[in-house]
Amino acid sequence: MLLKDIRDYQILFLGLFLVVGISTRDWTLRPELIGVAIATSLATQWILSLVTGKEQMTNLRSALITSLGLSLLLRADHWTTMAIAAAIAIASKFIFQVGDKHFFNPANFGIISALILTPDAWVSPGQWGEEWWYGLLFAGTGGMILQRIGRWDTTAAFLGSYSLLEAIRNLWLGWTWDVYWHRLMSGSLLLFALFMITDPRSIPNSRIGRVVWAVCIAGLTFILRNYFFVSTAVFWALFALAPLTILLDVLWVAPRFAWQEGDEGAEEAGGELLTPNSCTDAINRVSLNSALKK
């Protein structure tokens, strides 16, 4: 890859989606709100990093990714609403932690917080329509990132489980398959499955944990959408089940993901980059030392 850090590609692709969406879908999106989201996210990340001292350097890439995600999915009438969403999204990474791992997806947390706390925030799940080339764009760019970070299992488990549940319901009600495909061919659903539910820093560490977690989110999404008629079901399902990550990480222990290159926040005091292999080595060393002491 030309860029060293995979997050640079995430920033590039999310920015591309924003430009494509505005130019082809005619969204009523005000540029100043995008600026507010970006500025607030970066400022909050920088300030909290200095105050808490939990990160040696400010992790501005992740904050920028969060702000672009908010700009793509959240709509508001006032700039203060976007600022509140962005500030809470970044703050959630510092507040809701277990073992230095945040378990809420920041953009999702900001969206849900804005929906609850403000009167003028909303999310439009159908904003991408059902045109096939949007799906190709998302699958191609998302696939490139997932191949690098190794989180295809999460997307496959979520989409596979949700598609199966919708197929069973479609057969039970005797509907035509046109209805089934209509419910699945959503650009927002693909965007969620490829870019939000696969955040490697907040989802379960182990593969089996990720699969179980994704299946649970798919099931709750299905229930909320079809029985409670919640149009934003995927976002509420992810928000409600995010704490399940803690339990799954206890049940199935695995090294925590770390960005392989350019991770400002993944270095220890000695400057060694934490990777899955280095985490495994550290665990082995601790176990060996304990055994020798006995």
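Look a little higher up for the structure.
Read on for a plain summary of the structure. (Residues numbered from 1 in each chain as written. Predicted model: local features only at pLDDT ≥ 70, side-chain atom pairs only at ≥ 80, totals over all residues. Heavy atoms only, no water.)

What follows covers helix α9 (residues 187–196). Buried residues dominate α9, accounting for nine of its ten residues. Among all positions of α9, only G187, S188, L189, L191, F192, A193, L194, F195 and M196 are buried. (Buried < 20%, exposed > 50% of the residue type's maximum accessible area, 1.4 Å probe, protein only. Helix = DSSP H or I, 4+ residues; strand = E, 2+ residues; numbered from the N terminus.)

As a further point, take the pattern of salt bridges. Throughout the structure, instances matching the rule amount to five salt bridges. Salt-bridge contacts for K101 lead to D249; the nearest nitrogen and oxygen are separated by 2.8 Å. Residue K101 is located in strand β3 (residues 101–102), and its partner D249 is located in helix α12 (residues 244–251); the two are separated by 148 residues in the primary sequence. With a shortest N-O distance of 3.1 Å, R183 and E166 are connected by a salt bridge. Residue R183 is found in helix α8 (residues 177–184), and its partner E166 is found in helix α7 (residues 152–173); the two are separated by 17 residues along the sequence. (Salt bridge = Lys/Arg side-chain N within 4 Å of Asp/Glu carboxyl O.)

Moving on, we get to the side chain of N105. As for its placement among the helices and strands, N105 is situated in the loop between β3 and α5 (106–117). Here M196 takes part through its backbone oxygen, which lies 3.1 Å from a polar atom of the side chain of N105. Excluding anything up to four places from it in sequence, N105 contacts M196, D199, S202 and L238. (Polar contact = N/O pair within 3.5 Å; in protein donor to acceptor, adjacent residues only side chain to side chain. Contact = heavy atoms within 4.5 Å.)

Quick look at helix α2 (residues 31–52) now. Residue pairs spaced three or four apart in an α-helix point in one direction, given the helix's 3.6 residues per turn. For α2, built from 22 residues, the straight-helix expectation of 32 Å at 1.5 Å per residue is met to within 8% by its first-to-last C-alpha distance of 32 Å. Taken together, the buried positions of α2 are L33, I34, V36, A37, T40, S41, T44, Q45 and S49. At the exit of α2 stands G53, carrying a positive phi of roughly 70 degrees. (Expected span 1.5 Å × (residues − 1).)

Now for unusual backbone geometry. Even without being a glycine, D100 presents a positive backbone phi close to 65 degrees. With respect to the helices and strands, the residue D100 is situated in the loop between β2 (97–98) and β3. Taking relative accessible area as the criterion, D100 reaches 57% and is therefore assigned exposed.

A word on the packing of aromatic side chains. The description of an aromatic ring pair uses the distance of the two centres, along with the angle that the planes make with each other. By the definition in use, this model includes 17 aromatic pairs. Between F192 and F235, the ring centres sit 5.9 Å apart and the planes meet at 85 degrees, which makes this aromatic pair edge-to-face. Taken together, the positions of F192 in helix α9 and F235 in helix α11 (residues 233–241) put the pair 43 residues apart, joining distant regions of the chain. For the pair shown, F192 and F235 are each scored as buried. (Phe/Tyr/Trp six-rings, centres within 6.5 Å; stacked < 30°, edge-to-face > 60°.)

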